[in-house]
Amino acid sequence: MSLINVQNLTKRFKTLTAVDDISFTVNEGEVFGFLGPNGAGKTTTINILCTLLSPSAGRAEIAGFDCAKHSDKVRAAIGLIFQDTTLDNGLTAYENLKFHAYLYNLDRRLTERRIDEMLNIVELSGRKKDLIRNFSGGMKRRLEIARGLLHYPRVLFLDEPTVGLDPQTRNTMWGFIQDLRSREKITVFMTTHYMEEAENCDRIAIMDHGKIIALDTPSRLKELVHGDIVRVVTADNKQAAIEIENKFGIIAREENGSLSVETEHGDEFIPRLVNALTVETRSVSLQKPTLNDVFLRLTGRTIREDLMENGRAVMREFVRTHRRAQR
């Protein structure tokens, strides 16, 4: 069953088309990922889904409600966790959650039980009365997840949920997210630039220049990269790339000081490559295709560690418009 339906969605800003006639669905209970560089149209799409922007054309629905026509119904059905923390450092964990419950008009008795339940799930029950300013980055992110789920949303939007966290904390965070996914029976819609994190998604949409250029499971997307990936560093990568194309008919892409080559049977290709180059070979490595290789193949560049442009501003606007709608 599709919980999110987007059909021919377009958003124009004067002469700029930020989202260009995209269509996709997200199934109930699915973890759906959006990948793309800054300016690809991810943030604009999410802002439309979260009722913060109106589309120029097309239609977007969440839980059967039109995002443009029934914004209050959509807001009640979604939770938002953006890259920049929007917790109030001068309040306690409990007070932050209580304020969120107030915004969503949760029943008072239900609120107290729900706050305790969510703090327990994210393992922050013992810090209920502590000020947020004393929390670590990982603790703040866990509390934001608890806050985003407090009002029983059907869809949880995660915008770069683990940026700035160390790898161990990122892994812990994903443990919480996967556990909450089954406990709360929620659908997760996320953006990330961590390729290993994107592997947690059931399906991934790769977006560039306002269009969805690929959408499939991680394993099927990686099949777009044929064969193995051979990476080579030479004394003159520019000359080496010319020689590789001339002698093997293969285009070598340069990234981060090395050349990347797609080829079948990479282990057999490496000796031939080294012997054919007239420039000094300094290192060679072989690896299976990754999502980053898929992104490189489709866009001609690697995914950059872009910060989402307006996470904090979007959350403030969301809260403001939601409170206005409740009056």
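On a predicted model such as this, the values are computed, not experimentally measured, just so you know.

K.L.:
Outline helix α10 (residues 266–276), supporting the account with residue identities and numerical values.
P.N.:
For α10, the set of buried residues is Gly266, Phe269, Ile270, Leu273 and Ala276. The arc enclosing the buried residues of α10, seen along the axis, measures out at 140°, which places them on a common side. Summarising the geometry of α10, the exposed residues directed more than 90 degrees from the buried face are Asp267, Glu268 and Asn275. On the buried face of α10, the contacting elements are β11 (228–234), α9 (237–248), β13 (258–263) and β14 (281–287).

K.L.:
Give a detailed account of unusual backbone geometry, specifying residues and quantitative values.
P.N.:
The general pattern is negative phi for most residues beyond glycine and trans for most peptide bonds. One non-glycine residue with positive phi stands out, namely Lys14, at about 55°. By secondary structure assignment, the location of Lys14 is in the loop between β1 (2–13) and β2 (16–27). The class for Lys14 is exposed, based on a relative accessible area of 84%. The residue Asp21 is not glycine, and still its phi comes out positive at about 55°. By secondary structure assignment, the location of Asp21 is in strand β2. For Asp21, a relative accessible area of 42% gives the class partly exposed.

K.L.:
Lay out the packing of aromatic side chains in plain terms, naming residues and giving numbers.
P.N.:
Enumeration according to the criterion identifies nine aromatic pairs in this entry. Arranged with centres 6.2 Å apart and planes meeting at 50°, the rings of Phe24 and Phe189 form a pair that is tilted. Separated by 165 residues along the polypeptide, Phe24 in strand β2 and Phe189 in strand β8 (residues 187–191) bring together distant segments of the chain. Centre to centre, the rings of Phe157 and Phe189 are 5.2 Å apart; their planes meet at 40°, and the pair counts as tilted. Placement of Phe157 in strand β7 (residues 155–159) and of Phe189 in strand β8 is noted, with a sequence separation of 32 residues between them. A single burial state applies to Phe157 and to Phe189, both of which are buried. Among the aromatic side chains, those forming a connected cluster through ring pairs are Phe24, Phe32, Phe34, Phe157 and Phe189. Just above the ring of Phe13 sits the side chain of Lys11; from NZ or CZ to the centre is 5.3 Å. A cation over a ring is seen here: Arg114 above Tyr152, with NZ or CZ 3.8 Å from the ring centre.

Thresholds applied
- Residues numbered from 1 in each chain as written.
- Predicted model: local features only at pLDDT ≥ 70, side-chain atom pairs only at ≥ 80, totals over all residues.
- Heavy atoms only, no water.
- Buried < 20%, exposed > 50% of the residue type's maximum accessible area, 1.4 Å probe, protein only.
- Helix = DSSP H or I, 4+ residues; strand = E, 2+ residues; numbered from the N terminus.
- Arc of directions from axis to C-beta.
- Contact = heavy atoms within 4.5 Å.
- Phe/Tyr/Trp six-rings, centres within 6.5 Å; stacked < 30°, edge-to-face > 60°.
- Lys NZ or Arg CZ within 6 Å of the ring centre and 35° of its normal.

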